[in-house]
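Inside the fold
Each chain, letter by letter, is given below.
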Amino acid sequence: MNPPSKDTRNDLIIVARAVRTRGLKGELLADVLTDFPQRFEEVSELTGVSLSGDRQQFELENYWFQNDRMVLKFTGYDSIESAKALVGYEFGLPEAERVELAKDEFYDWELEGCLVENKLGGSVVGKVREVMRTGGVELLVIESEERGEVFVPMVASIVIEIDVSRKKIVIDPPEGLLDL
């Protein structure tokens, strides 16, 4: 599942990123960074995170979808000049407001940083850096001190245990997988 990105420093779920201004009335064109765009129906305020990491609350005056992006209009930002200051900002919601997933589904940010252990002998493979989307099976991209970058398919026969509360993943890799 393609989740929203997470600003781990601030416990935010980032749901949109402003890419440029739109129109003359202070609107922003933004990339949608959530699989749950319907969540905007109930959002009246977003936390903006600037490129330098500064946070600010914004009142969402209006929004609408335009192709695969969305247009955001914030209260008090009524000109191109004022909206231009927000280009590059990421907009998020508190982590506590995330959409709950099914028991066997996880957000990518929940898997990032998890320690990956091999079922055989319990040896540490490394830490998950990211989840790579290939259009088919997702891959765990694991940073390993021994092997460098390791790619592990997210299939039940290989990834046999995920415990995000303990930041631990156990894998049962087929012979040779970790040597690729």
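Since the structure is predicted, the reported quantities are computational estimates derived from the model, not experimental observations.

**Brief notes about the pattern of salt bridges**
One pass over the full model with this rule turns up 13 salt bridges. Between Glu 149 and Arg 129 there is a salt bridge, with the nearest N and O atoms lying 2.7 Å from each other. Pair noted here: Glu 149 is in strand β11 (residues 148-153) and Arg 129 is in strand β9 (residues 124-132), with a separation of 20 residues, a long-range link. Several salt bridges converge on common partners, so that one network encompasses Arg 129, Glu 130, Glu 143 and Glu 149.

**Some details on the confidence of the model for the protein chain**
Per-residue pLDDT for the protein chain has a mean of 87; in total, 94% of the residues score no lower than 70. Looking at the elements of the protein chain, mean pLDDT is at its lowest for strand β1 (residues 5-7), recorded as 43, and at its highest for strand β6 (residues 69-74), recorded as 96. Across residues 1-10, where pLDDT falls below 50, the model places 39 contacts with residues more than four positions away in sequence or in other chains.

Parameters and conventions
Residues numbered from 1 in each chain as written. Predicted model: local features only at pLDDT ≥ 70, side-chain atom pairs only at ≥ 80, totals over all residues. Heavy atoms only, no water. Salt bridge = Lys/Arg side-chain N within 4 Å of Asp/Glu carboxyl O. Helix = DSSP H or I, 4+ residues; strand = E, 2+ residues; numbered from the N terminus. pLDDT = per-residue confidence, 0-100. Contact = heavy atoms within 4.5 Å.

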